[in-house]
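In case you want the letters, here they are:
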Amino acid sequence: MSFESLQLIPSLLTILDKQGYTTPTPIQEKAITPILEGKDVMAAAQTGTGKTAAFSLPMLQLLSNSKQQAKANHTRALVLTPTRELAAQVAESVSVYGQGLDLKYNLVFGGVKINPQMMKLRKGTDILIATPGRLLDLFQQNAIKFNQIEMLVLDEADRMLDMGFIKDVKKILSLLPKNRQSLLFSATFSEEIRTLARTLLKEPVEVSVTPPNTTVEIIEQHVYPVDKTKKTALLTHLIKTENWFQLLVFCRTKHGANRVTKSLNKQGISAAAIHGNKSQNVRTRALADFKDKSIQVLVATDIAARGIDITDLPYVINYDLPHVAEDYVHRIGRTGRAGKAGKAMSLVCAEESKQLLGIERLINMKIEQQIIPGFKPIEPLLTKNFKQPASKNNSANNKPRRNRSTRNRAVK
Ligand code: AMP
């Protein structure tokens, strides 16, 4: 299938050609046509599947064709994202794809001054990309009005709920005109997402694509039991002795990410941190340096790592285990992409035993533990009680099975 056969307009085709996109990805093949037909769409697609273009291209085309003028402090389309990182990436994509079109884009998120955003909104916007909290602030200050909205996109809706934005999202939904086209993109479809979808979408077309890899099964996973105070020393030791290159290290906190980065650099291992307190420029730079292999280690928090697209990542290290077991699956899914074997290693201290148990329960397998000489923890991990729950899917050969909630459930 070609982009031409999806009935995209020539100016979009020119840009896609310039971008080197020769064929639509599966999610683009499935979602673009119903969106162009004005239908509501519920799409199951993860980062890395080309989902941004799947909603941006038809959105740009529809808005460009309808030739309405956005009034001052109004927007014709709204894209809601859970993080500013993702909002910035979507805005970047929209402005690239929409280069040849006479449309105005704006990007608003929290953590930066509100006034410059208010000024920009005065001129009217065709596509506004926003995080929920800041959007509501702007609404309350009359900087943005919703009555001209024709299209709504909820991007990474599952993450939006995980991060506790449901109240803000519901509030925003209650303020939008009923007569609009709505699109919901989510990596997974939990009951909660389906409930949200029912309040948001009208007779939606449901599309889904299989994730680029099958996460848990093909990734080699290890747990290194270690005392909390020795984690950095163990990480340094492993990087040096195992010759690991291109590592994505996850830390639970921004502070922790900074500390680990500093220690690695001190040990002569080039590392950079990306998290919410770093400016967009610094984050973009760190990611580019990591991708072109001029730095060896990227240290990230869960939120900052969400949405970053690094292909062929060989190693993921959990410096801390996440509190939410599902995040472990998201994290390790960064490696082993496109069917390639990847390795996911976790440094786990006794205090994290409960989280480890939660993860093992979720992925339905026990992760092999390996004690590194010189790093034997004083207090062992409490993982002995893990039992494979009886289930007919849990076959006798003990093959790991992916849990319902971690799998991209086929959307019927
Ligand atoms: P996304 O899933 O939207 O984060 O996109 C993942 C990556 O795929 C981005 O770097 C896009 O630029 C790229 N991409 C999207 N659509 C295509 C396509 N049809 N052909 C090649 N690359 C694409």
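Nothing here was measured: the structure is a model prediction, and the numbers come from that model.

Quick notes on the rules
Residues numbered from 1 in each chain as written. Predicted model: local features only at pLDDT ≥ 70, side-chain atom pairs only at ≥ 80, totals over all residues. Heavy atoms only, no water. Helix = DSSP H or I, 4+ residues; strand = E, 2+ residues; numbered from the N terminus. Buried < 20%, exposed > 50% of the residue type's maximum accessible area, 1.4 Å probe, protein only. Contact = heavy atoms within 4.5 Å. Core = buried A, V, L, I, M, F, W, Y, C linked by side-chain atoms within 4.5 Å. Salt bridge = Lys/Arg side-chain N within 4 Å of Asp/Glu carboxyl O.

Participant: Describe the environment of Thr-261, naming the residues involved and giving the relevant values.
Facilitator: Structurally, Thr-261 can be placed in helix H11 (residues 254-266). Its relative accessible area of 8% is what places Thr-261 among the buried residues. When the C-alpha positions of Thr-261 and Ala-300 are compared, they lie 9.6 Å apart, and in sequence the two are 39 residues distant. Those residues in contact with Thr-261 that sit more than four places away from it in its chain are Ala-271, Ala-272, Ala-273 and Val-299.

Participant: Account for the nonpolar core, with residues named and values stated.
Facilitator: Counting 42 residues, the largest nonpolar core has Leu-8, Phe-55, Leu-57, Met-59 and Ile-127 as the members making the most contacts within it. Residue contacts for Ile-127: discarding those within four places in its chain leaves Met-59, Leu-60, Leu-63, Thr-75, Ala-77, Val-79, Val-94, Lys-104, Tyr-105 and Asn-106.

Participant: How would you sum up the pattern of salt bridges? Please name residues and give values.
Facilitator: Evaluated as defined, the whole model comprises 10 salt bridges. We note a salt bridge from Asp-320 to Lys-231, for which the minimum N-O separation is 3.9 Å. Of this pair, Asp-320 sits in the loop between strand E12 (315-318) and helix H14 (325-332) while Lys-231 sits in helix H10 (residues 231-242); the two residues are 89 residues apart in sequence, bridging distant segments of the chain. Take Lys-231: its relative accessible area is 2%, and that puts it in the buried class.

Participant: Let's hear about the environment of Lys-262: which residues, and what values?
Facilitator: Within the secondary structure, Lys-262 sits in helix H11. Overall, the relative accessible area of 63% leaves Lys-262 in the exposed class. The spacing of Lys-262 and Ala-273 is 11 residues in sequence and 9.0 Å in space, taken between C-alpha atoms.

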